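What follows is the residue order along each chain.
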Amino acid sequence: MNFYDQIARHILRCHAPPDLRGVTVLLPGYHAAQPLAQALSRVSGVPALLLPAMTTFSDWAQSIPLPTSVQSDTSRITALYQALRGHDWFPGADLWSLSRELLALMDELTCHHVALPASAEAFAAQLAAAYQARSGQALQFEARVVHELWYAMAAQDDLDATRAFQQRLAQLAQQVDAPLYVLQTCELNAPERRFLDACRERVAVTVFDLRVLAQDAPRCELLVSALQQDDHAADLQMMAARLGDAAPLHGRLRLFGAQGLEQEARAADVQIRRWLLEGRESIAVVVHDRLVARRLRALLERAQVQVQDETGWTFATLSVSTVLMRWLEALQGDFYYQDVLDLFKSPLLFAEDAAMRRQAAYQFEQLVRKHGVVAHLQDYLTVAERHAPELVRPLARLRQAKLAMASKDRRLADWLAALDDSLEILGIKQGWRQDAAGQQLMQLLALWHEELQSDPLTCSFAEWRRWLSQQLDLNTYRDVSVESPVLFTHLPATRWRSFDAVLLLGCDARHLPAPANAGQWFNDAVRAALGLPLSGAAQRQVRDDLLALLAMNDTVLATWQADQGGEPNLLSPYLEMVRALHGLAFGADLLDGELAGMLAAAQVSPADGLADGLIETVTDGGAAGIGQRAMPRPALPASMLPQRISPSGYNSLMACPYQYYARHVLRLNELDEVREELDKRDYGTWVHAVLQRFHAEIPLLQNCSDEQALQVMRRIGDEVFADALAHDYLAQAWLLRWQALIPAYLQWQREHEQQGWRYQAAEQDFSLPVTDGLWLKGRMDRVDAQPDGAGLAVLDYKTQSVTALKGRLKAPGEDVQLACYAGAIGADKSAFVSLDADKVQAVEPVEDIAELARLNRERLATVFEQLRNGVPLPAHGAEKVCGYCEMRGVCRRGEWQAVPPEDGDMRGVKHG
């Protein structure tokens, strides 16, 4: 049954075509205008039809001028904030959020014509009677807050938006002189109901309530029985028996219970693409769970399906706002390096010179990692002037923009003006001008600046920033440039709309409906006493809108996460009632039994390229039916095969081939960490520098006394640690640790020299050919030699314990570092030198180092030959390797079952 045809027949019975201009139709939204016009034309049968006026309550009211101005909500919130701050009622609370909640309460009181008692004491007594409690301090405080703020806001000369809407409707009701027709799916709000009551005194008013129309449609009988049942204890068997000739919902409504968020999003993605292949031209996705919607949108875009979004996204979630908030965080946090780095990485910063911004981001990251400067803009500039001159210009622009924002307290409008100046200096506004969301954000900032021009409230930077953050979170961006058959929308926006297909997303009991008392002041007893809607009113509205949507549409899939984090998650009680009643009436469950089996076959692969090597092994299956992954085994094309490898890269290749692939082939290895506090890695760097300078100054220790060597070592140590001591007092502890170790090191060095070894070089580079097209390259800490040229020794300083170093060398060939060094220069000896606690000791492999070096080189040649032949690099590292591997998030170990290497996998070659 076409409900629009019913309406058209009724209108045409009362008003003869072709001229219907004397009729006004009030719509829930303009989406209903076209189908109603088509129905009128179809039913009338005339070649040309003059349509009735079609509008909405809000737009019709806006046509009525008012003699007084209307105060914006932005100004009203600042007035409430000023009152709350002045009374100091809520110390330490977020007054901006509280102001927003109180504003909603004020509007609700106005909307329902609530008249509060003249005194706070009388209001407290009214609350106490409603709460059925004694009027204690808590009730008196609540009454005082609401009462004082209500009368303070009501005393203002300007109208607020709610009072203006009511006044406009009241004036409009006195001017209506033509019949009215109203389309609704749920209860109208109080001002709209009062307006229609006033209109009925002058003209005929006809309401087409979809809840009533659905009762006369056999195809909707089951839906009406299930969704308009207020008695939760009703006997379902009796309800099913009364259905009579009701039509089953087979093919019209299906339910899909997913095993987690990922499966719900994938199921929705597959179903939407199936509908598109069937030729459906209008598909509505009614979003109840925004997290699932975000994932679904990503999957659709991967499949090259664009989405038209009516729900929009709050500005706080958009990149155009992210760069703004990063700038404010940098200001408030004294330019903490992470905030500055995030700012430099935003493509909206310095939009007129993207190359300069990218270079600045790279250089700044290198600067903080190498020099350990983690805050203060002037410190960055000082270091940049010495080590990165190209970085001075972008940092200077940050300083100039900072000066534009420099102030202790300002009016909100003045803060916005200063922000505008700073964003212009940073080139952010130029980036916004080239972005649709940026353009809308600039319009919002300009609007707020205009609305607050006369507002006297002064705020600190922190207060203003909290206000701005709330404003960005309350305003929504909608991209109107996208036209697509797939539409993301919300339930109220579907009133009186029909689609080729509808997908209800996130229909669990937590989201459909939302909690009854969410964001409401007072309990139901107080609300009833004041004449405010009860907590269940919003839920009834959701139920009525759901009934209307199901009645208007013939193809609907509702999804929810039946399992969430390993726990059962209930379906919406509204849909559960429909499902239960349908099962009793027709003996058939509405659960979809086919969609889950299609997910694996319908999955869209990522774009060709390097990403395939990272994600190519995603497969669906397992207990959950989706999301289980196989061990990644990428193979290297000849063009990606490295031509050089370092000892650390070789170690990575042996520990886990996939780790080597991610680190050294894709070059995803992490940069040095920015260390805000000194740690053992810093200590190791300083010790290396001290020993290099010491042996360059005193190459042969037996030529000087212990006292002289000790003094030289301490002097060099003081000089090396000096820069760290200037910035961090904790460096003193590391210096003392080193000074305590100096005697033990000098003793070990003398014993080493007594064995005939002499210091020869430090930090020596090497390059060793392994095969045609492959070189082993690296740098050795120290090389010693026998005076008669009888042998060479390679020493590698380590600040680890002797036990730990022996563990690294326990399995022959597992740690390749010493073998690589020995093979590079033909050394007779290769050892770690443990510089730990108060003990210095050399730790050598138990195997012959020359033989170990030969086998090490042969294995490397064999492994690279395997790679040239297309042997994959599996992620089969041992658990102890994975425990500290930064590539764990790339291979996603834990999301796939550990399986043994397949035939042909690169396993490595054991030493014989």
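Reference entry: report on the structure contained in this document. (Residues numbered from 1 in each chain as written. Predicted model: local features only at pLDDT ≥ 70, side-chain atom pairs only at ≥ 80, totals over all residues. Heavy atoms only, no water.)

## Quick look at the overall build of the protein
Stated precisely, the cut-off is as follows: A helix here means a DSSP run of H or I that spans at least four residues, while a strand means a run of E at least two residues long, and both kinds are numbered starting from the N terminus. Each radius of gyration reported is based on C-alpha atoms, and the globular scaling rule is 2.2 Å times the count of residues to the power 0.38. Here the term buried applies to any residue with accessible area under 20% of the maximum for its type, exposed to any over 50%, and partly exposed to those in between, with areas from a 1.4 Å probe on protein chains only. Only four residue types enter the charge count: Lys and Arg as positive, Asp and Glu as negative, with His and the chain ends excluded. Lys charges are placed at NZ, Arg charges at CZ, Asp charges at CG and Glu charges at CD.
A count of helical and extended segments in the protein gives 38 helices and 21 strands. Taking 2.2 N^0.38 as the reference for a compact globule, 912 residues should give roughly 29 Å; the C-alpha atoms of the protein span a radius of gyration of 37 Å, well beyond that estimate. Seen through its principal axes, the protein has C-alpha atoms that stretch 120 × 65 × 60 Å. Across the 912 residues that make up the protein, the buried fraction comes to 50%. Taken as two groups, the 88 positive and 115 negative side-chain charges of the protein have centres that lie 2 Å from each other.

## Describing the packing of helix 20 (residues 412–425) against helix 22 (residues 436–451)
Stated precisely, the cut-off is as follows: Structural elements are reduced to axes, namely lines fitted to C-alpha atoms, with helices fitted over the stretch in contact, and the angle between N-to-C directions of any two is expressed from 0 to 180 degrees. In this scheme the handedness of a crossing depends on how the near helix is turned from the far one: anticlockwise by less than a right angle means left-handed, clockwise means right-handed. The contact definition used throughout considers only heavy atoms, calling two residues in contact when any of these lie within 4.5 Å. Gly falls in the polar group here, along with every residue not listed as nonpolar (Ala, Val, Leu, Ile, Met, Phe, Trp, Tyr, Cys, Pro) or charged (Asp, Glu, Lys, Arg).
Helix 22 packs onto helix 20 with a crossing angle of 145° between their chain directions and a minimal axis gap of 8 Å. Considering only the axes of helix 20 and helix 22, their crossing is left-handed. Note on element contacts: helix 22 touches helix 20 through Leu 445, Trp 448 and His 449, opposite Ala 413, Leu 416 and Ala 417. Grouping the amino acids of the contact of helix 20 with helix 22 by side-chain chemistry returns 5 nonpolar, 1 polar and no charged.

## Details of the packing of helix 31 (residues 680–697) against helix 32 (residues 706–727)
Rule in force here: Angles below 35 degrees are treated as roughly parallel, those above 145 as roughly antiparallel, those between 65 and 115 as roughly perpendicular, and all remaining angles as oblique.
In the contact formed by helix 31 and helix 32, the axes pass within 9 Å of each other and the chain directions differ by 140°. Here helix 32 runs oblique to helix 31, going by the angle between their axes. When the axes of helix 31 and helix 32 are compared, the crossing they make is right-handed. Across the interface between the two elements, Tyr 683, Trp 686, Ala 689, Val 690, Leu 691, Arg 693, Phe 694 and Glu 697 from helix 31 touch Ala 709, Val 712, Met 713, Arg 715, Ile 716, Gly 717, Glu 719, Val 720, Phe 721 and Ala 724 from helix 32. For the contact of helix 31 with helix 32, the residue count by class is 13 nonpolar, 1 polar and 4 charged.

## Remarks on unusual backbone geometry
A cis amide bond links Pro 17 with the next residue in sequence, Pro 18, at an omega value of 15°. Following Leu 512, the chain continues into Pro 513 via a peptide bond in cis, with omega recorded as 0°. Here Pro 513 is to be found in the loop between strand 13 (501–505) and helix 24 (524–530). You will see that Asp 88, though not glycine, has its phi angle at about 55°, which is positive. For Asp 88, a relative accessible area of 53% gives the class exposed. Of note in this structure, Gln 304 is not a glycine but carries a positive phi near 65°. You can see Gln 304 is positioned in the loop between helix 14 (290–302) and strand 7 (308–309). The exposure class of Gln 304 is exposed, given its relative accessible area of 68%.

## Brief notes about the packing of aromatic side chains
Filter applied, for reference: Aromatic rings from Phe, Tyr and Trp, with only the six-membered ring used for Trp, were paired whenever their centres fell within 6.5 Å, and each pair was classed as stacked if the ring planes differed by under 30 degrees, edge-to-face if by over 60, and tilted otherwise.
Overall, the coordinates contain 20 aromatic pairs when judged by the stated rule. For the pair Phe 766 and Tyr 821, a centre-to-centre distance of 5.9 Å together with 80° between the ring planes defines the contact as edge-to-face. Linking Phe 766 in strand 17 (residues 758–771) with Tyr 821 in helix 35 (residues 817–825), this pair joins segments that are 55 residues apart in sequence. Assessed through its relative accessible area of 8%, Phe 766 is described here as buried. The class of Tyr 821 is buried, set by a relative accessible area of 5%.

## Describing the sheet that holds strand 4 (residues 205–209)
As a reminder, the rule being used: DSSP-based pairing: two strands are paired if at least 2 bridges between them are found.
Taken together, 4 strands build an open sheet; the order of strands is 2-1-3-4 and the sheet is parallel. One side of each edge strand has no neighbouring strand; the edge strands of this open sheet are strand 2 (53–55) and strand 4. Ignoring which end each strand starts from, the neighbouring axes of this sheet average 20° apart. Across 3 bridges, the pairing between strand 1 (residues 24–26) and strand 3 (residues 180–184) is parallel. Considered in strand 3, the bridge of Leu 26 is made with Val 182.

## Focus on the pairing of strand 19 (residues 792–798)
By the criterion of burial, strand 19 is predominantly enclosed, with 6 of the 7 residues buried. Here 4 bridges tie strand 18 (residues 774–785) to strand 19, and the two strands are oriented antiparallel to one another. Considered in strand 19, the bridge of Asp 784 is made with Ala 793. The turn linking strand 18 back onto strand 19 is made up of 6 residues, and Gly 789 within it adopts a positive phi angle of 75°.

## A closer look at the nonpolar core
Threshold: For the purposes of this section, nonpolar cores are sets of buried Ala, Val, Leu, Ile, Met, Phe, Trp, Tyr and Cys residues that join through side-chain atoms within 4.5 Å.
By size, the foremost hydrophobic cluster in this structure holds 90 residues, and its most contacted members are Trp 327, Leu 328, Tyr 380, Trp 432 and Trp 464. If we skip the residues at most four places from it in the chain, Trp 464 touches Leu 328, Met 405, Leu 412, Trp 415, Leu 416, Leu 419 and Cys 459. With 65 residues, the next largest nonpolar core counts Ala 214, Ala 217, Leu 223 and Cys 507 among its residues.

## Focus: helix 5 (residues 95–111)
Under the convention used in this document: The span you would expect from a helix comes to 1.5 Å times its residue count less one.
Taking 1.5 Å per residue as the helical rise, helix 5 with its 17 residues ought to reach 24 Å, and the 24 Å between its terminal C-alpha atoms agrees with that figure. Helix 5 sits mainly inside the fold: 13 of its 17 residues count as buried. Note on helix 5: the residue one or two positions beyond its end, His 113, has a positive phi of about 55°.

## A look at the pairing of strand 4
Heads up, the rule is: Crossover handedness is defined here as right-handed if the route from the first strand over the helix to the second strand goes clockwise, with the strands pointing away from the viewer.
Strand direction decides the pairing type here: strand 3 and strand 4, joined by 5 bridges, are parallel. Pairing of Leu 180 across the sheet is with Val 205, part of strand 4. With helix 9 (residues 190–200) bridging strand 3 and its parallel neighbour strand 4, the resulting β-α-β unit is right-handed.

## As for the environment of Gln 34
For Gln 34, the position within the fold is in helix 2 (residues 33–44). In this structure, the C-alpha to C-alpha distance between Gln 34 and Met 54, residues 20 residues apart in sequence, is 9.9 Å.

## Quick word on the pattern of salt bridges
Threshold: We define a salt bridge as a contact between a side-chain nitrogen of Lys or Arg and a carboxyl oxygen of Asp or Glu at a distance within 4 Å.
Taken as a whole and judged by the stated rule, the model has 49 salt bridges. Between Glu 719 and Arg 715 there is a salt bridge; the shortest N-O distance is 3.6 Å. Highlighted residues: Glu 719 and Arg 715, both in helix 32, separated by 4 residues, approximately one helical turn. We classify Glu 719 as partly exposed; its relative accessible area is 38%. Among the ionic contacts, a cluster of salt bridges with common partners joins Asp 73, Arg 76, Asp 107, Asp 160 and Arg 163.

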